[in-house]
Amino acid sequence: MAGKRKVDDWINGYCEMLQTTESPDIYKKWVAVSTIAAALKRKCWLSWHNHVDTHPNMYIVLVGPPAIGKGMALGPARQMLSSIGIKMSASCTTLQAMIEDLLSCTDTRIIDGIPMISSSLTVV
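What counts and how
- Residues numbered from 1 in each chain as written.
- Predicted model: local features only at pLDDT ≥ 70, side-chain atom pairs only at ≥ 80, totals over all residues.
- Heavy atoms only, no water.
- Helix = DSSP H or I, 4+ residues; strand = E, 2+ residues; numbered from the N terminus.
- Contact = heavy atoms within 4.5 Å.
- Areas by Shrake-Rupley, 256 points an atom, 1.4 Å probe, with all protein chains shown as cover.
- Lys, Arg positive; Asp, Glu negative; His and termini not counted.
- Charge placed at Lys NZ, Arg CZ, Asp CG, Glu CD.
- Buried < 20%, exposed > 50% of the residue type's maximum accessible area, 1.4 Å probe, protein only.
- 1 Å grid on protein atoms, 1.4 Å probe; cavity = no way out; pocket = protein on both sides within 12 Å on 5 of 7 lines; lining within 4 Å.
- Points joined across faces, edges and corners; volume = space filled by probe spheres on them.
- Nonpolar A, V, L, I, M, F, W, Y, C, P; charged D, E, K, R; others polar.
- Polar contact = N/O pair within 3.5 Å; in protein donor to acceptor, adjacent residues only side chain to side chain.
- Salt bridge = Lys/Arg side-chain N within 4 Å of Asp/Glu carboxyl O.

The next point concerns the overall build of the protein. Scanning the protein from terminus to terminus reveals 4 helices and 6 strands. Helices and strands appear in the protein in the N-to-C order α-α-β-β-α-β-α-β-β-β. With the C-alpha coordinates of the protein rotated into their principal frame, the extents come out at 50 × 40 × 30 Å. Restricting the contact set of the protein to residue pairs at least 6 apart, pairs at least 24 apart contribute 56%. Summed over its atoms, the accessible surface of the protein is roughly 9,100 Å², and 60% of this surface lies on carbon and sulfur atoms. The positive charge centre, built from 12 side chains, and the negative charge centre, built from 10, are 3 Å apart in the protein.

Let us now look at the environment of Met72. Counting through the fold element by element, Met72 comes out in helix α3 (residues 70-83). For Met72, a relative accessible area of 40% corresponds to the partly exposed category. Along the backbone, Met72 and Tyr27 are 45 residues apart, and their C-alpha atoms lie at a distance of 9.3 Å. Ignoring anything within four residues of it in the chain, the contact list for Met72 reads Leu18, Thr21, Glu22 and Ser23.

With that settled, consider the layout of surface pockets. Its boundaries defined by the atoms lining it, the largest pocket holds a volume of some 1,100 Å³. Together, 34 residues line the largest pocket, and Met58, Tyr59, Leu121, Thr122 and Val123 are the ones closest to its centre. Put simply, the parts of the chain that give the lining of the largest pocket at least two residues each are α2 (25-40), α3 and β6 (122-123). The element best represented in the lining of the largest pocket is α2, accounting for 8 residues. Taken as a whole, the second largest pocket spans an internal volume of roughly 150 Å³. Along its surface, the second largest pocket is lined by Trp10, Thr35, Ile36, Ala39, Leu40, Met80, Leu81 and Ile84. Among the elements that make up the lining of the second largest pocket, the one with the highest residue count is α2 (4 residues). Of the residues that constitute the lining of the second largest pocket, the class distribution is 7 nonpolar, 1 polar and no charged.

This paragraph deals with helix α1 (residues 10-17). Of all the residues in α1, the buried ones are Gly13, Tyr14 and Cys15. Taken together, the buried residues of α1 touch α2 and α3. Capping the start of α1, Asp9 holds a side-chain oxygen 3.0 Å from the backbone nitrogen of Ile11, two or three residues further along.

Between side chains of opposite charge, a pair can form as their charged atoms come close. Under the definition given, this model contains 3 salt bridges. Put simply, Lys87 and Asp101 hold a salt bridge, and the shortest N to O gap is 3.9 Å. Pair noted here: Lys87 is in the loop between α3 and β3 (88-89) and Asp101 is in helix α4 (residues 95-104), with a separation of 14 residues, a long-range link. Judged by its relative accessible area of 30%, Lys87 is partly exposed. We note a salt bridge from Asp107 to Arg109, for which the minimum N-O separation is 3.2 Å.

Everything listed here is a matter of geometry and, on its own, says nothing about what the molecule does.
And the structure:
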């Protein structure tokens, strides 16, 4: 049985949690969106006609000068994702290390009798 929700809107709740930080509101909002995407991995999709499944891919980049608050907005999200076992890779990594990270996060599930294989990796 699911517990009671702590916030009605997770994105606004994340932004409110960081309201006392100097991080720009737009960073807080996009980090919240990317946190939801990271938690969902490839477990959500749209089934179009002719049985074509569309999985969303999100590429979110926070751009700004040093010390404007990118890390401050990302910190709590990184901790949350880590605490629930979401596979993450560092943004400063070699191609070989990223490939190894992708290989280590392969997930196989059976859905309606069909094996579904995916490799979801969040890069922070």
